[in-house]
Amino acid sequence: MDHATASAPRVALALAAVFLIWGSTYLAIRFALEGGFPPFLLGGIRFLLAGGLVFAFLRLRGVAAPTRAQWGNAAVMGVLLLVLGNGMVNFAEKSVSSGMAAVAVASAPLWMGVFAAMRGQRPSGIEWVGLAIGFVGVVWLNAGSSLNASRAGMLALLVATIAWSFGSIWSRGRDLPSPFMASAAQMLCGGTAMLVLGLAIGERFDGLPSAHGLAAFAYLVVFGSIIGFSAYIWLLHHVRPALAGSYAYVNPAIAVALGAWLAGERFGRHELLAMGVILLGVVAITVAKARPK
């Protein structure tokens, strides 16, 4: 569908879902890991369950199943966005605070801008300004921040960010089913691959996860995957890459605030000012989206 056909209320609702829900999933991932879920098994079970529920619902509603070619494209996206994207975030959060994980992933819009430019879809001048402002805020938040991080964890987050950004741009123009069926197919393919990877590298449950961990897992399935991920896939089909990727500038503010509130992750004036700059970058990108082409 052409970008212009997406109504403003629908775009706003999808952005709100991605901004608010995904900002909270970083802390939910931390709680699930602390509750007994191994990183890749967490993602594998999460996306298989969420993808299966969405797929079954859509088929009952009469939505056509993906073709063989569409399953292939969905599998590629599942590996890039979920196995390498989400999976490496899960792995990183074993040694990186939830707030810092969100901060590191906030460079995604810049990578998406680079990959989009390589495909001939260059961001507008104002979008580049918004991306630059947002990145300055991310660097400011990272430099001298009181949030904890490890070198291995930050490297995993770099891989996650590049893979997610490339997959988001690679998907544009590919033969894929309707956005929500595409979301279900990607979760099924990515979840299967994550589960196999987790078992292959020796991940196992030591016992039944805690009630705290199971509650976080349920939140990730319903809100993070079924609602949040589906909203993101819809945005990829309906808005410019810079706007679709702007969630990464809002998520750190939400993740850092929730981490401080619910998990004792410290932040102060430095983080608050930097998050203000990040939000300014999002405003610039949104203004650029609203300007007539």
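Residues numbered from 1 in each chain as written. Predicted model: local features only at pLDDT ≥ 70, side-chain atom pairs only at ≥ 80, totals over all residues. Heavy atoms only, no water.

**Considerations on empty space enclosed by the protein**
All told, the structure shown has 2 cavities of 30 Å³ or more when counted by the stated rule. Computed from the structure, the largest cavity encloses a volume of approximately 270 Å³. Along its surface, the largest cavity is lined by 19 residues, and Trp22, Tyr26, Asn86, Val89 and Trp164 are the ones closest to its centre. When contributions to the lining of the largest cavity are tallied by element, the ones reaching two or more residues are helix 1 (8–34), helix 2 (39–60), helix 3 (68–92), helix 7 (151–170), helix 9 (211–238) and helix 11 (247–263). When the residues that make up the lining of the largest cavity are grouped by side-chain class, the tally is 12 nonpolar, 6 polar and 1 charged. Empty space within the second largest cavity amounts to approximately 40 Å³. What lines the second largest cavity is simply Gly113, Ala116, Gln121, Arg122, Pro123, Glu127, Arg240, Pro241 and Ala242. (1 Å grid on protein atoms, 1.4 Å probe; cavity = no way out; pocket = protein on both sides within 12 Å on 5 of 7 lines; lining within 4 Å. Points joined across faces, edges and corners; volume = space filled by probe spheres on them. Helix = DSSP H or I, 4+ residues; strand = E, 2+ residues; numbered from the N terminus. Nonpolar A, V, L, I, M, F, W, Y, C, P; charged D, E, K, R; others polar.)

**Some remarks on the nonpolar core**
Grouped together as the largest cluster of nonpolar side chains are 85 residues, with contacts concentrated most on Leu81, Tyr232, Leu235, Tyr247 and Tyr249. The element that contributes the greatest number of residues to this core is helix 1, accounting for 15 residues. If we ignore the near neighbours within four places in the chain, the residues touching Leu235 are Val11, Ala14, Leu15, Val18 and Ala244. (Core = buried A, V, L, I, M, F, W, Y, C linked by side-chain atoms within 4.5 Å. Buried < 20%, exposed > 50% of the residue type's maximum accessible area, 1.4 Å probe, protein only. Contact = heavy atoms within 4.5 Å.)

**A short note on a nonpolar patch on the surface**
Together, Val79, Leu84, Trp111, Leu155, Leu158 and Val159 give the surface a local cluster of nonpolar side chains, amounting to about 460 Å² of exposed area. Looking at the nonpolar patch, the elements that each hand over two or more residues are helix 3 and helix 7. Tracing the sequence through the fold places Leu158 in helix 7. The exposure class assigned to Leu158 is partly exposed, which follows from its relative accessible area of 40%. (Patch = residues over 30% accessible without salt bridge, like charges linked within 9 Å, V, L, I, M, F, W, Y side chains within 5 Å. Areas by Shrake-Rupley, 256 points an atom, 1.4 Å probe, with all protein chains shown as cover. Salt bridge = Lys/Arg side-chain N within 4 Å of Asp/Glu carboxyl O.)

**Observations regarding the pattern of salt bridges**
Per the stated rule, a full pass over the model turns up 1 salt bridge. We note a salt bridge from Glu34 to Arg30, for which the minimum N-O separation is 2.8 Å. Of this pair, Glu34 and Arg30 both sit in helix 1, 4 residues apart, which is roughly one turn of the helix.

**Thoughts on the packing of helix 3 against helix 9**
Where helix 3 contacts helix 9, the two axes come as close as 14 Å, and the packing angle between them is 120°. One way to sum up the angle between helix 3 and helix 9 is to call them oblique. Pair helix 3 / helix 9 crosses with right-handed handedness. Of the residues in helix 9, those touching helix 3 at Met77, Leu81 and Leu82 are Phe229, Tyr232 and Ile233. Residues of the contact of helix 3 with helix 9, tallied by class, amount to 6 nonpolar, no polar and no charged. (Axes fitted to C-alpha atoms, helices over the stretch in contact; angles between N-to-C directions. Parallel < 35°, antiparallel > 145°, perpendicular 65-115°, else oblique. Left-handed = near helix turned anticlockwise from the far one by under 90°.)

**Digging into the environment of Glu34**
Classification of Glu34 by relative accessible area gives exposed; the value is 52%. Separated by 182 residues in sequence, Glu34 and Ala216 have C-alpha atoms that sit 10.0 Å apart. A polar contact of 2.8 Å, which involves the side chain of Glu34, links it to the side chain of Arg30. (Polar contact = N/O pair within 3.5 Å; in protein donor to acceptor, adjacent residues only side chain to side chain.)

**Points about the environment of Phe37**
Position of Phe37 relative to the elements: it lies in the loop between helix 1 and helix 2. According to the relative accessible area criterion, Phe37 is buried, its value standing at 4%. Put simply, Phe37 and Arg68 are 31 residues apart on the chain and 33 Å apart in space, counted from C-alpha to C-alpha.

**A short note on the confidence of the model for the protein chain**
On average, residues of the protein chain score 86 in pLDDT, and 91% of them reach the 70 mark or higher. Across the protein chain, element-level confidence peaks in helix 2 with a mean pLDDT of 97 and bottoms out in helix 12 (residues 269–290) with 74. (pLDDT = per-residue confidence, 0-100.)

**Some points on the side chain of His238**
With respect to the helices, strands and loops of the structure, His238 is situated in helix 9. In this structure the side chain of His238 is engaged in a polar contact, spanning 2.7 Å, whose partner is the backbone oxygen of Trp234.

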